[in-house]
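# What the coordinates show
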Amino acid sequence: MNTPTPNLESDVDRLWSLLEQITDPEIPVISIRELGILRDIRLEGDTVAVVITPTYSGCPAMREIRQDISKLLSTAGFEKVLVETQLSPAWTTDWITPAGAKKLHDYGIAPPQPRGQANIRCPLCSSDNTKLISEFGSTACKALYQCNACLEPFDYFKCI
Amino acid sequence: MTNSNNDLIDYVTGLGDDSLILGQRIAEWCSKAPFLEEDLALTNVALDFLGRAQMFYNYAAELHNADLGTDKSVDRITADDIAYLRDAREYKNTLIHELPIGDFAYTMARQFLIDSFGVQFMTELVKSSDKTVSGIAAKAIKECRYHLRRSNDWVLRLGDGTQESHERIQTAFNQLWGYTSELFEMTASETALLTVNISVDTTVLRDAWLKQVSDTLKQATLELPKDEWQINGGRAGIHTEHLGQVLSELQYLQRAYPGLSW
């Protein structure tokens, strides 16, 4: 990118905070930036290029996210919007921000934990005494667990 | 149209076909799996395969359209055209992907054989000199590993389970075995692309695959089937009678109402 004029830079900053409003359609408490889906925003002439990456290949939320971005930017006065899908580098749960992970937890979804590390912690009663029910939960990005202490089933955001 | 682009279109279309047809097959379990968690798992796996097919087809369409240059007399194609408007002979998936779902043991045995292959294959495809192909592989490899964890678990659980589950999954492996050799065959396009480091030489993947499959089957108290027969032809468009049935369901809407959109 060429050296941006101060005005352009502030526009990009404004776009980042604007797109912060867009949340995951399946998990409405976390934004696409916090999830690491929103990769880049560029201003090319009068066109806004937004780069997103899918969490899973077949994630059905991508289409909705793309529409949400276009709609929001057009409401904000940006007429030419280009939403690009970037595959590489592949999305990883490491890109979920700490604030995002906390939001997942508070919403009742156990955030990703590095493999090999202790048990998955129950987001409801904080017990480590939990068991895997199924490698797949309500969406492709989650697995289903149950807490042996409070007996509640819960979603775990898989670590990939 | 340049030759190398033709080969690449063939290659990515074939890989997309493998994913789409298997995804469509697994999705048949939707609302019919043995229990709810398994229903969710199977449909999630199906979704991963459909997503992968879409990525390969998008790239095939992009390559195809780029070859048209500025020629306005020919229509541009989309991933949907590739999925919905080709007949069975134009589909190039290997046969193991199109076989009916059978019982749950059969579905998991096939899944395990394909997931084991997928991990080997995608690990190599990530190194492709073609950036888009390598990008799709980088995405797919993570899913393949996750799928394999689950299908491997099921092989152990069913093989080393009750007498009935053992018999069923052993029968499934015996019935599927002859379809696995096709996974390790190379088409002319794949061989041509190998010289420019785009494709994967699958002929060298069989040893590692066989070791993984043998280890799991042994642990599951199952017998490794013998290499007594083999059926191939999928990459040449010569299919079993089952593909037409998959396509009739998959393509029904676009065939009955051409151009219909949501």
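See above for the structure.
Residues numbered from 1 in each chain as written. Chains lettered and ligands numbered in written order. Predicted model: local features only at pLDDT ≥ 70, side-chain atom pairs only at ≥ 80, totals over all residues. Heavy atoms only, no water.

Scanning chain B from N- to C-terminus turns up 10 helices and 0 strands. Reading the secondary structure of chain B in the N-to-C direction produces α-α-α-α-α-α-α-α-α-α. Over its C-alpha atoms chain B spans a radius of gyration of 18 Å, differing by no more than 12% from the 18 Å that the globule rule assigns to 262 residues. Dimensions of chain B, computed from C-alpha atoms along their principal axes, come out at roughly 65 × 45 × 30 Å. (Helix = DSSP H or I, 4+ residues; strand = E, 2+ residues; numbered from the N terminus. Rg over C-alpha atoms; globule rule 2.2 N^0.38 Å.)

Right, let's talk about the interface of chain A and chain B for a bit. Listed as interface residues are 23 residues of chain A and, on the opposing side, 21 residues of chain B. Across the chain A/chain B interface, buried area totals approximately 2,000 Å², and carbon plus sulfur atoms make up 62% of it. Between the two partners, chain A and chain B, sit 1 salt bridge. A salt bridge links E135(A) to R149(B), with the nearest nitrogen and oxygen atoms 3.4 Å apart. Taken together, the residues of the side of chain A that touches chain B sort by class into 12 nonpolar, 8 polar and 3 charged. (Contact = heavy atoms within 4.5 Å. Buried area = accessible area lost by both parts, 1.4 Å probe. Salt bridge = Lys/Arg side-chain N within 4 Å of Asp/Glu carboxyl O. Nonpolar A, V, L, I, M, F, W, Y, C, P; charged D, E, K, R; others polar.)

All right, on to the sheet that holds strand 5 (residues 130-134) of chain A then. Spatial ordering of the open sheet is given by 4-7-6-5 (chain A), a layout of 4 strands whose pairing is mixed. At either end of the open sheet lies a strand with only one pairing partner, and these are strand 4 (109-110) and strand 5 of chain A. (Pairing = 2+ DSSP bridges.)

The linkage connecting S88(A) with the following residue, P89(A), adopts the cis geometry, with an omega of -5 degrees. Of note, L151(A) is a non-glycine position whose phi angle comes to about 70 degrees, a positive value. Mapped onto the elements, L151(A) comes out in the loop between strand 6 (142-147) and strand 7 (153-157). The phi angle at S31(B) is positive, at roughly 75 degrees, despite the residue not being glycine. You can see S31(B) is positioned in the loop between helix 1 (3-27) and helix 2 (36-68). Among the residues examined, S31(B) registers a relative accessible area of 64% and is labelled exposed. (Buried < 20%, exposed > 50% of the residue type's maximum accessible area, 1.4 Å probe, protein only.)

On inspection of all chains with the given rule, the structure shows 21 salt bridges over all chains. Residue E44(A) is joined to R42(A) by a salt bridge in which the shortest nitrogen-to-oxygen separation is 2.8 Å. On the basis of relative accessibility, which here comes to 38%, the residue E44(A) falls in the partly exposed class. Judged by relative accessible area, R42(A) falls into the partly exposed class, the value being 22%. Measuring nitrogen to oxygen at the nearest pair gives 3.8 Å for the salt bridge that ties E190(B) to R235(B).

Now for the side chain of H147(B). Inspection of the secondary structure assignment puts H147(B) in helix 5 (residues 131-159). Of note is the side chain of H147(B), whose polar atom sits 2.7 Å from the side chain of D48(B). Residues contacting H147(B), with those up to four places away along its chain left out, are F136(A), V45(B), D48(B), F49(B), R52(B) and D115(B). (Polar contact = N/O pair within 3.5 Å; in protein donor to acceptor, adjacent residues only side chain to side chain.)

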